[in-house]
Each structure stands twice: as C-alpha cells, then as structure tokens.
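Summary of structural features
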Amino acid sequence: MTAQANDCGQPATGIHEVQGTVARSPLAGETVTVEGILTRDSRHQGGFDGFYLQQADGETDSNPDTSEALFVYTSHKAGRPGQRLRVTGTIKEYHDLTEMVALKTIQICGKGEMPTPIDVALPWSQPPESLENMRVRFTAPLTIIDHYQLATYGELTLAANDQITGTERFPPGEQAVAHSQNNKHHRVVLDDGRKVRNPEPVPWPTGGFGPDNTLRAGDQVEQLAGILDYRFGQWRLQAVNGPQFTRRTPRPSAPAPPGEGVIRVMALNLQNYFNGDGKSGGFPTDRGAKTLAGFRAQQQRIASLVKKSQPDILAVSELENDGYGPYSAIADLAASLGPAWRFVKTPGQDGGDAIRTALLYRNDRVAPRQEPERLTTGLFAHSSRPPVSQRFSAPGQGQTLRVVSAHLKSKSCRNASGANQDRHDGQGCFNQRRVQEVRAILQWLKALPDSDHLAGTLVTGDLNSYAREAPVRHFEKAGYRSLVHRIHPCNETRCRHHTYRFRGEKGSLDYLLASENLQKLALTAGSWNVNADEARALTDYPGPGRAGPWRASDHNPVFTDLQLVD
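Please read these numbers as outputs of a predicted model, since none were measured by experiment.

Each value, and the rule that gives it
Residues numbered from 1 in each chain as written. Predicted model: local features only at pLDDT ≥ 70, side-chain atom pairs only at ≥ 80, totals over all residues. Heavy atoms only, no water. Helix = DSSP H or I, 4+ residues; strand = E, 2+ residues; numbered from the N terminus. Contact = heavy atoms within 4.5 Å. Areas by Shrake-Rupley, 256 points an atom, 1.4 Å probe, with all protein chains shown as cover. Domains from an automatic or database assignment. Buried area = accessible area lost by both parts, 1.4 Å probe. Salt bridge = Lys/Arg side-chain N within 4 Å of Asp/Glu carboxyl O. Polar contact = N/O pair within 3.5 Å; in protein donor to acceptor, adjacent residues only side chain to side chain. Nonpolar A, V, L, I, M, F, W, Y, C, P; charged D, E, K, R; others polar. Pairing = 2+ DSSP bridges. Axes fitted to C-alpha atoms, helices over the stretch in contact; angles between N-to-C directions. Buried < 20%, exposed > 50% of the residue type's maximum accessible area, 1.4 Å probe, protein only. Parallel < 35°, antiparallel > 145°, perpendicular 65-115°, else oblique. Left-handed = near helix turned anticlockwise from the far one by under 90°. Core = buried A, V, L, I, M, F, W, Y, C linked by side-chain atoms within 4.5 Å. Phe/Tyr/Trp six-rings, centres within 6.5 Å; stacked < 30°, edge-to-face > 60°. Lys NZ or Arg CZ within 6 Å of the ring centre and 35° of its normal.

A look at the overall build of the chain
- Counting its regular elements, the chain contains 10 helices and 29 strands.
- Based on the C-alpha atoms only, the size of the chain along its principal axes is roughly 95 × 45 × 40 Å.
- Once local pairs closer than 6 in sequence are excluded, the contacts in the chain between residues at least 24 apart make up 72%.
- Per element, the accessible surface of the chain, about 23,900 Å² overall, is 47% carbon and sulfur.

Right under this line is the structure:
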C-alpha cells in the first residue's frame, strides 16, 4: 500500500456518488478515491476490521436520498477518529452493505471536523439507506423490544414503542402480515461494535449486566447517538457514547392471594423441565438443563414463581415425559413446591413425545374427583402430547371444575409438508395440525362424562396460537373464551397481559379458555409478566435466590380466580 505526499485536496469521488440513491452502489466493482473524516474506528480486537469515513459537512451534495458515508474494510492502522483521510480502493457490496475493500493507498490529510449528526426518529423519519454509515442522533427515547441476543452478541433491538404480533390484533392474512412487516421495518439494533460471541462483560446496561443490573423489554433508552450501520440483515446503531437506560415500569408484583372459597388455576409452560436421572445425575439432558446446577437454578425459579402466585391447581406443559416414579420430573417438581402438592397420574397414556402436559394441585385446597382422562386416540395416539383432564372441587363444595391441560403443535417448520407448511398468513407452520388438534379436543370434551355438579370446563395451556389465529377461533366458536383477553383485551397501542415475546413482537400463546357456564364464575384473570420481558441472560446467574422468580421460563404464567357456587 502506498501514499502520495501531496494528494490531499486533489479532486476525488464524492462518497454520495459511491452510495447513489438506491441500495446497490452504482460504482460497485470500480476503483475510486474518496476523502472524508474518520468518524469511528472498528479495527480493534473483535471489531469489524475497518473504519467509517464520512464526507465533511461542506462537501455533501445536499441530497437527502444519498448517504455521505462509507465503511472502509482494512487492517491498515493509519488514521484515528477526527482525522481527514484520502483513500483509494475498490467498491463492493457485502451483504447489502456498501464498502471499500482492497485498498491501494491511504493518506492522513490532517485534523478534520466531525460531521454534524443527522437527527432521526422511529418510525424512520427518512429511509435508513440514505443514512448508511453516517453519524446520527435519535431525537426521542426508544423502547427495548428484544434482548434475546444480549449476552450472545451484545445486541438490543429497539423501536419507538413496544410491538404487538400481527395475529394477536388482526385475523390471519394480509393485514396481519403487513402489520408485522411494518414492525420489523421500523426498528434498530443497538450494537456493541464487536463481532465477539458471548462478550465479557455483557455491554448493556452501563456497568455490566447482572441480576441486580438487568434490562427488561419495555425499558427505555435515551441519548442514542453513533453510526447507523447495516450488518447481518439489520440496521444497527454503533453507539459513540454510552446510552442511558430507564425502567419505565417496575417489575410487576405477584398476583394478590385468592380469597376464601376461591379456586385459583394457573397455567405455565416450564420451558423443558428435565431433571436428569432424578438422583443428581444424567446431565446434560435432551432438551432441558445442561448441568445439575443449571437444573437447580431452573427449579428454584419455577418454585419461587409458583409459591408467589399461590395457585391451587397448576397446569403445566414442557414437562419431561418420564413417568410418575419417585425420581420422575413431575415428582421432583411437586416436591420443590411444598408438602401439600400432589399430581394427577395417567401412567401409560402420556404419549410418545419427550415432553408432556400435566396437572398438579394442593391437596389442602382442592381434591380430585373421579378418574383423570387422557385423549390418546387419533392425532394424539402416537408421537404427540395428549391433553389431560381432571375434575376438582374445594372442601365443602358440591360443584366441580374440570381442568384440561393442553399443548398444541409448535410453529416450527421442521418436517412441515403439504398443508402444514407456512401459508404466509401470519400463523406459521403446522397451523392445519393445530386446528385438527383443537377439533379433536372439542369432540373429546363433548364425550367426557357430565353431571349436574359440573360448574364448567377450563382448557388451559400453550396453544402455540395468537389470539386471532384459527385454533383459538375454533375454541371460541364452541363457546370457550379466553378469560385473560376478555378482561384485558389488546388494542393498537397496549397489550399488557401478553405471555410470549418472539423476535421483538409480543402476544399470547398461553390461555385459560372457559366454557360458557364457567365464564361468569371468573372473578379475575391475568398474566404475571415475570418471564417473557426478562432477559434470557438472567439464566446465566444461578446463585440461590439472586433472580427470585424472574425468567423461570420464556412464557408468562396465566391465572384465574373462580368462585364456584352450589
């Protein structure tokens, strides 16, 4: 690489000419010379192996459609932020990022003046492509909508406000899909400027992430300024100074205790509760914890969550399917909850999946009536998760409550074929399968023994379907209504009682669906936002009690208080 002594200030190609007015550079493949100010250096260890070069303020073309900055890919160490550089190299499109590579010359032209940051806002106040690699400043606070990659890659996804899943608000189809596409378009990733996996320390929040210095989805971020970058298919802010984080709402308290004569039912996806061999060995497990310490931390969080919620009946999914013996996962779970807890047994009927649904209860508050039932025919005959049904009553009450724990097929597209493939209507893969499972459950419920003392049926669990999707609608047509949605409906800007957060959008996958007669007996219903908005990184801190109930699972529990009458 060479540098000429007196080239600075000679005619050069404007960076706006390199960028052009469309995504692909009109000069891709050509060798050009540009001059500009080095605004951010990313040649540090773990960085992006280059630096950002932006046209000085007085040299721009004043066209808002063209970016005035360029990423220069090089390991050459010449230059530092604030200096003016003259660089010659080849223009290349790299995964939709316009950059200069294969440098021929690089020359330091002296001290320059940093370009003035462009004020921007979300939803994007101007197309982000027109600001690629430029200095920007967000004029309003942004909201954390996703922190899944926080501890893995040092990333936080931000938007103007929390974003709601399309099919939580709209029926499957064009409107729901357009809603989610619009959500994805109007966000930015706060990046730590490194391509390091599992960064130490975790960069956000300021001071380092930990149980006592954590982040929740819904928290606000202010003083966001830096370079607007495009990498790995997302617009990113490479921050210049540390942003400020604000907890907009405190962690919610556990539900108030149920009153006398009231039965509280709670449903919780356990996120793969596997206890190894049940004797402190057998780790890593197929789906759950990798170590005994990891399992104990998971168990502690779940036990804390359940005890603070005070349910009388607990419907669970994603429980290890390993029988009912003293070393089984369900026995281990019941023991961790306390001496009053028992579980419903259906040996030999739990399906061929690695996980199952189950029902647990406090025997000092409720008692099972009649024998439990499993749906083990048709779709649920082989490798599946058969729903389980059990009737309960409280002491001194003649009325009984039927509780069903169900877990429908996931949205994962693995092995999806034919009508179970993604129809691109917002419902994901295997929607037909989920609809068929709902129909089978409804037929099964009609065939179950009935009596004058049955107050009603409550179908609980992870249905892997948002509120406006076909499986939930089929339950509604049969007279079953979501108690949580009835009391806390989502609207355009508010959806407080969500249970799941996926890729920056939130909605409900977990339900308490009450039959017609039971709906009027519900005193309250809701979700406890103890899991879905908490950072996944919390699971890396297994110290006893450090995280309390927080992030016991990736799903929030849902609960209802029922006043049965004779």
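Comments concerning the domain arrangement of the chain
- Taken domain by domain, the chain comprises domain 1 (15-111), domain 2 (118-246) and domain 3 (263-562).
- Computed over C-alpha atoms, the centres of domain 1 and domain 2 are 24 Å apart.
- With 25 residues of domain 1 in contact, the opposing surface of domain 2 contributes 20 residues.
- Across the domain 1/domain 2 interface, buried area totals approximately 1,900 Å², and carbon plus sulfur atoms make up 51% of it.
- Among the residues of domain 1 in contact with domain 2, Arg 40, Phe 48 and Leu 97 are the three that bury the most area, contributing 33% of the side total.
- Where domain 1 packs against domain 2, one counts 1 salt bridge.
- In this structure, Lys 195 engages Asp 49 in a salt bridge whose closest nitrogen and oxygen atoms are separated by 2.6 Å.
- Linking domain 1 with domain 2 are 12 residue pairs in polar contact (both at pLDDT 80 or more).
- Those elements giving two or more residues to the side of domain 1 that touches domain 2 turn out to be β1 (31-42), β2 (50-54), β3 (69-73) and β5 (97-111).
- Partitioned by chemical class, the residues of the side of domain 1 that touches domain 2 number 9 nonpolar, 11 polar and 5 charged.

What about the sheet that holds strand β16 (residues 263-273)?
- The mixed open sheet is built from 6 strands, whose spatial order is β18-β19-β17-β16-β29-β28. For this open sheet the edge positions go to β18 (341-343) and β28 (522-527), each flanked by a neighbour on one side alone. Across this sheet, the average inter-strand angle for adjacent strands is 20°, counted without regard to direction.
- For β16 and strand β17 (residues 313-320), the ladder comprises 6 bridges, and the chain directions are parallel. Across the sheet, the residue bridging to Val 265 is Ile 313, located in β17.
- Along the sheet face, helix α5 (residues 292-309) touches β16, β17 and β18 and points at about 170° away from the line of β16.

What about the pairing of β5?
- Note that β3 and β5 share 2 bridges and pair parallel. Looking at β5, one finds that Val 72 is bridged to Met 100.
- Looking at chain direction, strand β4 (residues 83-94) and β5 are connected through 11 bridges and run antiparallel. In the sheet register, Glu 93 faces β5, and the bridge partner there is Thr 98.
- Where β4 folds back onto β5 in an antiparallel hairpin, the turn is made up of 2 residues, including His 95, whose phi is positive at roughly 50°.

Side note on the pattern of salt bridges
- Considering all chains together, one arrives at 27 salt bridges under this definition.
- Residues Arg 194 and Asp 192 are paired through a salt bridge, measuring 3.4 Å at the closest nitrogen-oxygen approach.
- According to the relative accessible area criterion, Asp 192 is buried, its value standing at 12%.

A closer look at the packing of helix α7 (residues 431-447) against helix α8 (residues 470-477)
- Taken N-terminus to C-terminus, the directions of α7 and α8 make an angle of 20°; their axes are 8 Å apart at the nearest point. Taken together, the axis directions place α7 and α8 in an arrangement best described as roughly parallel. For α7 against α8, the interelement crossing comes out right-handed. Counted together, Asn 431, Arg 434, Val 435, Val 438, Arg 439, Ile 441 and Leu 442 of α7 and Ala 470, Pro 471, His 474 and Phe 475 of α8 form the full contact between these two elements.
- For the contact of α7 with α8, the class distribution of residues is 7 nonpolar, 2 polar and 2 charged.

Focus on the nonpolar core
- By size, the foremost hydrophobic cluster in this structure holds 64 residues, and its most contacted members are Phe 138, Leu 158, Val 188, Leu 314 and Leu 360.
- For this core, the leading source of residues is helix α6 (residues 329-337), giving 6 residues.

Considering the environment of Ile 164
- Within the secondary structure layout, Ile 164 lies in strand β10 (residues 163-164).
- By relative accessible area, which is 4% here, Ile 164 ends up buried.
- For the pair formed by Ile 164 and Phe 502, sequence separation is 338 residues and the distance between their alpha carbons is 10.0 Å.

Points about the packing of aromatic side chains
- Per the stated rule, a full pass over the model turns up 11 aromatic pairs.
- Relative to Phe 138, the ring of Trp 124 lies with its centre 6.1 Å away and its plane at 50°, an arrangement referred to as tilted. Note that Trp 124 is positioned in the loop between β6 (118-120) and β7 (135-138) and Phe 138 in strand β7, a separation of 14 residues in sequence.
- Residue Phe 138 is classed as buried on the basis of its relative accessible area of 7%.
- Taken together, the ring pairs in this structure connect Tyr 273, Phe 283 and Phe 295 into an aromatic cluster.
- Above the plane of the ring of Phe 430 lies Lys 409, whose end atom (NZ or CZ) is 4.0 Å from the centre.

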